[in-house]
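Examining the three-dimensional arrangement
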There are 2 protein chains.
Amino acid sequence: MDKPYVMGVDIGGTNTEFGVVDARGQIQYRGKISTAAYDTAEEYVAALAPALGELINEAGGKEKFVGIGIGAPNSNYYTGCMEFAPNVVWAKKGVIHLADMIKEATGLPCALTNDANAAAMGEMKYGAAIGMDNFIMITLGTGVGSGIVIGEKLVYGADGFAGELGHMVVRPHNGRLCGCGRCGCLETYASGPGIARTAREMLEAGWDEKENRERSLLRDISDREITAEDVSLKAAQGDELSLMVYDYTGKILGEAFANIVTFSSPQAIILFGGPSKAGKLIMDPVGKYMKQNMLQVFKNRETGDCKTKLLFSELKGAEAAILGASALAWDFNKTSV
Amino acid sequence: MDKPYVMGVDIGGTNTEFGVVDARGQIQYRGKISTAAYDTAEEYVAALAPALGELINEAGGKEKFVGIGIGAPNSNYYTGCMEFAPNVVWAKKGVIHLADMIKEATGLPCALTNDANAAAMGEMKYGAAIGMDNFIMITLGTGVGSGIVIGEKLVYGADGFAGELGHMVVRPHNGRLCGCGRCGCLETYASGPGIARTAREMLEAGWDEKENRERSLLRDISDREITAEDVSLKAAQGDELSLMVYDYTGKILGEAFANIVTFSSPQAIILFGGPSKAGKLIMDPVGKYMKQNMLQVFKNRETGDCKTKLLFSELKGAEAAILGASALAWDFNKTSV
């Protein structure tokens, strides 16, 4: 191949990580700068561009590169802009034409999308979705994001912002207040903080103090400090309440996935991110409730199983964000910029 | 144009209607046979094919036709099969290779899909969605169906059955029992029978007998006979309870549409079918609650309005099903069969 590399850039609220990626999904060179240390997008790009340039030179120069792919919050693929991204200092209050700025500074074509869409692209190029043309990526973390692929293409929607399944309202009555200002969003239950909140609510209600249940191991941790990881650790030790937290989370996710399947009947729903590392603890209840709630036509007539598979991401955690972002850039091989 | 016509066939449980359609969506010739009078698919096709042949000859012969498009319940575009269609005598208990059978009997290429998908195709070719590449058709009738278009293509999903939004569960707690065997499906609230049921429930609860409200005009109709059309007529006369039925229906639909937008962020959601004929009575509350429940990013930043438009179908009622089915067949111009 003429151009063996793409650059993947993952912009988080605190740091920006980037790497030179080859077609098999190996990160050959990598680097990092601060995101938060700059007041304006101009200053940020003035720091990022030479850092990228350094890696580009190490890898043999610009002519070896198909392009640059960027994953960043509140990003619009169509416009190449970050729009009012609350967690990024220099993108909080306006529309930043980031793809154009980086293209100009580096001389390479540049595409931008949000983190969950980037993860979906990465999964299709290097991970569990290789060979699939219809799947949905669900990213569980501080929030819940999604990337929807139909016909081998990401669904961006009319405005570039499609795929916000974390903000499907799954509890229209008495739902939890969400950061978006509405109530009952999937994210308030299935994100890391959502899982921790379920645990806290159950402890507060004294779930483990009733009907001869065992005192929860989570009571050894100060209430306000409980995290989804704690719940996962205690559940792995057989803590009844922690297991019940996963059952509840699985019910919410399983119901939501059954609804999502009525939309695009995907080959697979792929779980990604911190809380998905609980493995079977989360996957088993999600699978159980997804099956219980699935419309008949989306089940195999003989086995009764859901046609849509439930899978874990196969991108390695630390590298996933860079790989995902980089996958965007391979498309410059297909289409003109 | 070489081949100026397509044939549209609409298979209902009772009758099958068909027509010769030109590129502007004019039905030039039309016909009808019984669906229910035949015991086997073979007998049905043996009756349908000559009836289609007659119109084809009137229109100048096979060489004038691009192909045949069929809209039918429980139909799979990928396989060309009707599968276990509960309301069609000869398709109740198995998989009928209908597209192949009709192709063989007529010598014309033939495509098959369900009614709601056909309606979406019709809308894109001849109706309110001309020029759109991303919209969702919601068909309100005995049930609630949907046809989802993304990138100018119908979303069929991995198995050919995508787009069952009538079976999104919108009330996970204490939802109404649905014909599908689950509870809380959109269809149990927003279909014609669902709207009538809301009215009956409000009458039974004596909604109009409380707090100095006026006695509902619906009380002049025997409880079990109330239809969505009655509700629409009485609401148009200012009946408070009937208006409240539309407010409730609008809340359910508006919330569901806000959820649907998080998936594909469409340019428009288009309402089709009997209950949508209530016009402003249904559209105003749907619009109100859709806006109330819409995630900020899917609203226009200046006006606060939803980016996704809410529209009525522009296909004429009686002809819509034939037009929709016929629209499928134009695709034979683009792709090989």
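Overview of the structure. (Residues numbered from 1 in each chain as written. Chains lettered and ligands numbered in written order. Predicted model: local features only at pLDDT ≥ 70, side-chain atom pairs only at ≥ 80, totals over all residues. Heavy atoms only, no water.)

1. Some points on the nonpolar core
Ranked by internal contacts, the top residues of the largest apolar core, which has 99 residues, are Ile138 and Phe257 of chain A together with Ile138 and Phe257 of chain B. Other than its neighbours up to four places away in sequence, Ile138 of chain A contacts Val144, Gly145, Ser146, Leu165, Phe257, Ile269, Ile270, Leu271 and Phe272 of chain A. (Core = buried A, V, L, I, M, F, W, Y, C linked by side-chain atoms within 4.5 Å. Buried < 20%, exposed > 50% of the residue type's maximum accessible area, 1.4 Å probe, protein only. Contact = heavy atoms within 4.5 Å.)

2. Re the packing of aromatic side chains
All names here are of chain A. Applying the stated criterion across every chain, the model contains 15 aromatic pairs over all chains. Ring-pair connections join several aromatic residues into one group, and the members of that group are Tyr38, Tyr44 and Trp90. We note Lys125 situated over the ring of Trp330; from NZ or CZ to the ring centre the distance is 5.0 Å. (Phe/Tyr/Trp six-rings, centres within 6.5 Å; stacked < 30°, edge-to-face > 60°. Lys NZ or Arg CZ within 6 Å of the ring centre and 35° of its normal.)

3. Re the relation of the copies chain B and chain A
Turning chain B through 180° and shifting it by 0.0 Å along the axis lays it on chain A, with an RMSD of 0.0 Å. The superposition operator between the copies reduces to a two-fold rotation axis. Most of the interface of chain B is mirrored in chain A: 100% of its interface residues are interface residues there too. (Least-squares fit on C-alpha atoms with pLDDT ≥ 70 in both.)

4. Considering the sheet that holds strand 5 (residues 75-76) of chain B
Residues and elements named next belong to chain B. Within the open sheet, the three strands sit side by side as 5-6-7. Their pairing is antiparallel. Two strands bound the open sheet, and with one partner strand each, they are strand 5 and strand 7 (95-96). Here strand 6 (residues 81-83) pairs with strand 7 via two bridges, running antiparallel. The residue bridging Met82 from the neighbouring strand is Ile96, located in strand 7. (Pairing = 2+ DSSP bridges. Helix = DSSP H or I, 4+ residues; strand = E, 2+ residues; numbered from the N terminus.)

5. What about the environment of Asp159 of chain A?
As for its placement among the helices and strands, Asp159 of chain A is situated in the loop between strand 11 (153-154) and helix 4 (187-190). Between the C-alpha atoms of Asp159 of chain A and Lys316 of chain A, which are 157 residues apart in sequence, the distance is 31 Å. Looking at Asp159 of chain A, its side chain comes within polar contact range of the side chain of Ser265 of chain B, at 2.6 Å. (Polar contact = N/O pair within 3.5 Å; in protein donor to acceptor, adjacent residues only side chain to side chain.)

6. Points about the sheet that holds strand 7 (residues 95-96) of chain A
Here three strands make up an open sheet; going across it, the order is 5-6-7 (chain A) and the pairing antiparallel. Looking along the sheet, the strands with just one partner apiece sit at the ends: strand 5 (75-76) and strand 7 of chain A.

7. Remarks on the side chain of Asn117 of chain B
Residue and element names in this part refer to chain B. Within the fold, Asn117 resides in helix 3 (residues 115-126). On the basis of relative accessibility, which here comes to 1%, the residue Asn117 falls in the buried class. Not counting chain neighbours up to four residues away, the residues in contact with Asn117 comprise Ser146, Gly147, Ile148, Leu154 and Tyr156.

8. Things to note about the interface of chain B and chain A
On the chain A side, the residues contacting the 39 residues of chain B number 39 residues. Of the roughly 3,200 Å² buried where chain B meets chain A, counting both sides, 65% is carbon and sulfur surface. When the buried surface of chain B facing chain A is broken down by residue, Thr262, Phe263 and Leu295 of chain B rank first, second and third, together holding 21% of it. On inspection of chain B and its partner chain A, the count reaches two salt bridges. In this structure, the connection of chain B to chain A is made through 16 residue pairs in polar contact (both at pLDDT 80 or more). Here the element with the most residues in the side of chain B that touches chain A is helix 7 (residues 240-264) of chain B; it accounts for six residues. Of the residues belonging to the side of chain B that touches chain A, the class tally is 21 nonpolar, eleven polar and seven charged. (Buried area = accessible area lost by both parts, 1.4 Å probe. Salt bridge = Lys/Arg side-chain N within 4 Å of Asp/Glu carboxyl O. Nonpolar A, V, L, I, M, F, W, Y, C, P; charged D, E, K, R; others polar.)

9. Quick notes on the state of the cysteines
A disulfide bridge is the covalent bond that connects two cysteines by way of their sulfur atoms. Across all of its chains, the model carries zero disulfides over all chains by this definition. Left unpaired, Cys180 of chain A is separated from the closest cysteine sulfur, that of Cys185 of chain A, by 3.7 Å. For Cys180 of chain A, a relative accessible area of 28% translates into the label partly exposed. Cysteine Cys306 of chain B is unpaired, with the sulfur of Cys180 of chain A as its nearest cysteine sulfur at 14 Å. Residue Cys306 of chain B is classed as buried on the basis of its relative accessible area of 18%. (Disulfide = S-S within 2.5 Å.)

10. Observations concerning the pairing of strand 10 (residues 144-150) of chain B
Residues and elements named next belong to chain B. Counting buried positions over the seven residues of strand 10 gives seven, a clear majority of the element. The two faces of strand 10 match: Val144, Ser146, Ile148 and Ile150 on one face and Gly145, Gly147 and Val149 on the other face are all buried. Judged from the seven bridges that link them, strand 9 (residues 134-140) and strand 10 form a sheet pairing that is antiparallel. Looking at the pairing, Ile136 lines up with Ile148 of strand 10. Between the antiparallel neighbours strand 9 and strand 10 lie three residues. With two bridges joining them, strand 10 and strand 11 (residues 153-154) adopt antiparallel strand pairing. When the bridges of strand 11 are listed, Val149 appears paired with Leu154. Between strand 10 and strand 11, which follow one another and run antiparallel, lie two residues, and Gly151 among them has a positive phi close to 60°.

11. Here we look at the pattern of salt bridges
Residue and element names in this part refer to chain A. Here the structure, examined in full by the defined rule, presents 31 salt bridges over all chains. A salt bridge links Lys251 to Glu255; the nearest nitrogen and oxygen atoms lie 2.9 Å apart. Note that Lys251 and Glu255 are positioned in helix 7 (residues 240-264) at a spacing of four residues, about one turn of the helix. When its relative accessible area of 13% is taken as the criterion, Glu255 is described as buried. Sharing partners across several salt bridges, the network here consists of Glu17, Arg30, Lys316 and Glu319.

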